[in-house]
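Residues per chain are reported as follows:
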Amino acid sequence: MVYKGKDSSVSWCETNEFATDYAIACCKPDETCYRREPEGSNSGCLAGVKNQNFVAPTWAQAAQMCADSGGALCDDAPPPGGNGPRTPPNCKWRGCGYDTLMTWSNVPCPA
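**A few points about the state of the cysteines**
Then step 1. Enumeration according to the criterion identifies five disulfides in this entry.
Then step 2. Paired by a disulfide, Cys33 and Cys91 hold their sulfur atoms 2.4 Å apart. Disulfide Cys33 to Cys91: torsion about the S-S bond roughly 100°, handedness right-handed. A residue pair is termed long-range when its members are at least 10 positions apart, and Cys33 in strand S4 (residues 33-34) and Cys91 in the loop between strand S5 (72-73) and strand S6 (102-104) qualify at 58 residues.
Then step 3. Paired through a disulfide, Cys45 and Cys96 show a sulfur-sulfur distance of 2.0 Å. Judged by the sign of its S-S torsion, about -95°, the bond between Cys45 and Cys96 is left-handed. Placement of Cys45 in the loop between S4 and helix H1 (59-68) and of Cys96 in the loop between S5 and S6 is noted, with a sequence separation of 51 residues between them. Taken as a pair, Cys45 and Cys96 share a single burial class, namely buried.

**What about the pattern of salt bridges?**
Then step 1. Inspection of every chain in the model, using the stated rule, returns two salt bridges.
Then step 2. For Lys28, the salt bridge is made with Glu37, and the minimal N-O distance between the two is 3.7 Å.
Then step 3. Overall, the relative accessible area of 32% leaves Lys28 in the partly exposed class.
Then step 4. The salt bridge involving Arg35 is made with Asp99; its shortest N-O contact spans 2.9 Å. One end of the pair, Arg35, is in the loop between S4 and H1; the other, Asp99, is in the loop between S5 and S6, with 64 residues separating them in the sequence. The residues Arg35 and Asp99 share a single accessibility class, namely buried.

Procedures and definitions
Residues numbered from 1 in each chain as written. Predicted model: local features only at pLDDT ≥ 70, side-chain atom pairs only at ≥ 80, totals over all residues. Heavy atoms only, no water. Disulfide = S-S within 2.5 Å. Helix = DSSP H or I, 4+ residues; strand = E, 2+ residues; numbered from the N terminus. Buried < 20%, exposed > 50% of the residue type's maximum accessible area, 1.4 Å probe, protein only. Salt bridge = Lys/Arg side-chain N within 4 Å of Asp/Glu carboxyl O.

In structure tokens form, the structure reads like this:
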């Protein structure tokens, strides 16, 4: 599934894993989401900054970027232990200008 960067209620099933129209949202094992490493600096945006040096990755490239930075594409699972709400798979308000873009996720498409 792909999700709007600032509104996780806007989503659709993307069946073309080679599409390059989407941004990236990664989650750490505790479900903390991020779009850049280190956090707080747009110079660390995993796919670049929108309207500057952004390069939209395929699903596999996005998944690898997350893995290389210690995370995974976000899913819709609750945090470990089930405490607290799930992290939306879009990583709202986490920088890089992705709030207006659709983002890849690890949420499977409905059957």
